[in-house]
Amino acid sequence: MLRFPDFLIVTKGRNADEKGVVLIRQGLYRGFGFLPEDAISASAIDTVGEHIQQRADNQDIRKIINAFLAKHPKTRIIALDK
């Protein structure tokens, strides 16, 4: 998907006080969730992980994510610390 294997895609949340996130670990889709913007950081993967609804990776979701990123090239991406 991108140059680094572990990252978050940050999008609009359900309201003004939160953001939506998509978690990619080891190059695979791991799930999505919503959390307060101030809880999102590269070093806070444990906090982010608590808000992620785990989902299975598959070819369809990869196509959806890649299409979204192509359509929205200014989407906020956060590389995660290991």
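For the structure, see preceding data.
The structure contained in this document is the topic of the report that follows. Only a predicted model underlies this, so the values are computations on that prediction, with no experimental measurement involved. (Residues numbered from 1 in each chain as written. Predicted model: local features only at pLDDT ≥ 70, side-chain atom pairs only at ≥ 80, totals over all residues. Heavy atoms only, no water.)

Considering the overall build of the chain
Secondary structure assignment for the chain yields two helices and five strands. Shown N-terminal to C-terminal, the secondary structure of the chain runs as helices and strands in the order β-β-β-α-β-α-β. Against the 2.2 N^0.38 benchmark of 12 Å for 82 residues, the chain shows a C-alpha radius of gyration of 12 Å, consistent with a compact globule. Taking all 82 residues of the chain together, 33% fall into the buried category. A separation of at least 24 residues holds for 45% of the contacts in the chain among residues at least 6 apart in sequence. Element-wise, carbon and sulfur atoms account for 50% of the exposed surface of the chain, whose accessible area totals about 5,400 Å². One finds the centroid of the 13 positive side-chain charges in the chain at a distance of 9 Å from the centroid of its 10 negative side-chain charges. (Helix = DSSP H or I, 4+ residues; strand = E, 2+ residues; numbered from the N terminus. Rg over C-alpha atoms; globule rule 2.2 N^0.38 Å. Buried < 20%, exposed > 50% of the residue type's maximum accessible area, 1.4 Å probe, protein only. Contact = heavy atoms within 4.5 Å. Areas by Shrake-Rupley, 256 points an atom, 1.4 Å probe, with all protein chains shown as cover. Lys, Arg positive; Asp, Glu negative; His and termini not counted. Charge placed at Lys NZ, Arg CZ, Asp CG, Glu CD.)

A look at the environment of Phe4
In this structure, Phe4 sits in the segment before β1 (7-12). As a C-alpha pair, Phe4 and Gly33 span 29 residues in sequence and 20 Å in three-dimensional space. Not counting residues within four places of it along the chain, the set of residues in contact with Phe4 comprises Ile77 and Ala79.

Section: the side chain of Thr75
Turning to its location among the elements, Thr75 is positioned in the loop between α2 (59-71) and β5 (76-79). Taking the relative accessible area as the measure of exposure, Thr75 reaches 16% and is therefore buried. Residues within four places of Thr75 in sequence aside, it is in contact with Ile9, Val10, Phe68 and Leu69.

What about the pattern of salt bridges?
Oppositely charged side chains are able to pair whenever their charged atoms sit close together. This model, assessed by the stated rule, comprises three salt bridges. Salt-bridge contacts for Glu18 lead to Arg14; the nearest nitrogen and oxygen are separated by 2.8 Å. Measuring nitrogen to oxygen at the nearest pair gives 2.4 Å for the salt bridge that ties Arg62 to Asp57. Classification of Arg62 by relative accessible area gives partly exposed; the value is 35%. (Salt bridge = Lys/Arg side-chain N within 4 Å of Asp/Glu carboxyl O.)

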